[in-house]
Every structure is written in structure tokens, then in C-alpha cells.
Amino acid sequence: MENCLFCKIIKGEIPCTKMYEDKNMIVIKDIDPKAKNHFLAIPKSHFKLLADMTEEQSEMLRQCFLTIPKLQKELQLENGYRLVINQGDDAGQTVFHLHIHILSGQKMGWTPA
Ligand code: 5GP
Ligand code: ZN
């Protein structure tokens, strides 16, 4: 997808700190961390919303969810972690390529607003 920041990062056109890559996703450091560790797991296929997802993309996302817990050491997940997927305006989604926020490395509260 042209003009998509995350598609450009996946293609290597924009630099990032890459923690992991396989055929389904990349995991990078968030440029503006909201927790001690803040990573983004980005499926390699472009879609904005879960509601837009094809069967093929849902299989890719399933693989992402299977892989994330295996990256315990790399992402410091040993003491627990939080996954967040912002969907649309009210959630504050700013990059319209679906991605999973991975927050770890500290105790977290619960402040949705
Ligand atoms: P959203 O608000 O769409 O759920 O999350 C987008 C995330 O992408 C934000 O946490 C933001 O800090 C991150 N981000 C925006 N631009 C860049 C960038 O150029 N590189 C990286 N690594 N993260 C970015
Ligand atoms: Zn994209």
C-alpha cells in the first residue's frame, strides 16, 4: 500500500529498530514509547481494521499471536505484558495499518481515557 508508514517500514524504506521478523510480521520498537518497553507487532499484509480482514489476513494475524509469546526473552515478557490493538477514531488509531502494541517491563495501571 502506497503512503503507508508501516508498509514502508516493512519494505525497509524507513528505518526502525527491528526486534524480530518472519514471513508473517515484523516486531519493532515504538518510536514514542508509552511504557518501559513498547513494541509494535505489524502483520506484513496491509489492512486497517479487524472488520476489513480477509481469511488470509486472519491466518497471518493468528500466526502473529502464536509467535508473540515465544519472544519472551527478546521482548522482556517474562513478568507479563499487555497487548493493545487500536481500532478507529475513538481508540486513537493514528497509523492505518493494523498493528499490535506490546507493552512490557513494568507494572501497568488501567486508564482508558
Ligand atoms: P496507533 O495510534 O495507530 O495505535 O499506533 C501507532 C504507533 O506508531 C504509535 O504508538 C506511534 O508512536 C508509532 N509510530 C508512529 N510513527 C512511527 C515511526 O516512524 N516509527 C516507529 N517505530 N513507530 C512509529
Ligand atoms: Zn500498510
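Placed above this text is the structure.
Caption draft 1: Region of the structure containing the overall build of the chain. On a plain count of helices and strands, the chain comes out with three helices and five strands. Sequence-ordered secondary structure for the chain, helices as α and strands as β, is α-β-β-β-α-α-β-β. Here the C-alpha radius of gyration of the chain, 14 Å, is about what a compact globule of 113 residues would show, namely 13 Å. Here the C-alpha coordinates of the chain stretch approximately 35 × 30 × 30 Å along the principal axes. Here the chain holds 113 residues, and the buried ones make up 36% of them. In the chain, 54% of the contacts between residues at least 6 apart in sequence involve partners at least 24 apart. Entry remark: accessible area of the chain is about 7200 Å², with carbon and sulfur atoms responsible for 52%. Distance between charge centroids for the chain: 7 Å, based on 14 positive and 14 negative side chains.

Caption draft 2: Focus on the coordination of the zinc ion (ligand 2). For the zinc ion (ligand 2), every protein donor is listed as Cys4 (SG), Cys7 (SG), His46 (ND1) and His97 (ND1), and the spread of their distances is 2.0 to 2.3 Å. Metal-centred angles of 106 to 116 degrees between the four donor atoms at the zinc ion (ligand 2) mark the site as tetrahedral. For the zinc ion (ligand 2), all donor residues lie on one chain, and their spacing in sequence is C-x2-C-x38-H-x50-H. With cysteine 4 in the segment before α1 (5-11) and histidine 97 in the loop between β4 (81-84) and β5 (100-104), this residue pair connects regions lying 93 residues apart in the sequence. Each member of the pair, cysteine 4 together with histidine 97, is buried.

Scoring rules and cut-offs
Residues numbered from 1 in each chain as written. Chains lettered and ligands numbered in written order. Predicted model: local features only at pLDDT ≥ 70, side-chain atom pairs only at ≥ 80, totals over all residues. Heavy atoms only, no water. Helix = DSSP H or I, 4+ residues; strand = E, 2+ residues; numbered from the N terminus. Rg over C-alpha atoms; globule rule 2.2 N^0.38 Å. Buried < 20%, exposed > 50% of the residue type's maximum accessible area, 1.4 Å probe, protein only. Contact = heavy atoms within 4.5 Å. Areas by Shrake-Rupley, 256 points an atom, 1.4 Å probe, with all protein chains shown as cover. Lys, Arg positive; Asp, Glu negative; His and termini not counted. Charge placed at Lys NZ, Arg CZ, Asp CG, Glu CD. Donors = N, O, S within 2.8 Å, 3.2 Å for Na, K, Ca; no water. Tetrahedral: all angles 85-135°; square planar, octahedral: opposite > 155°, others 65-115°.

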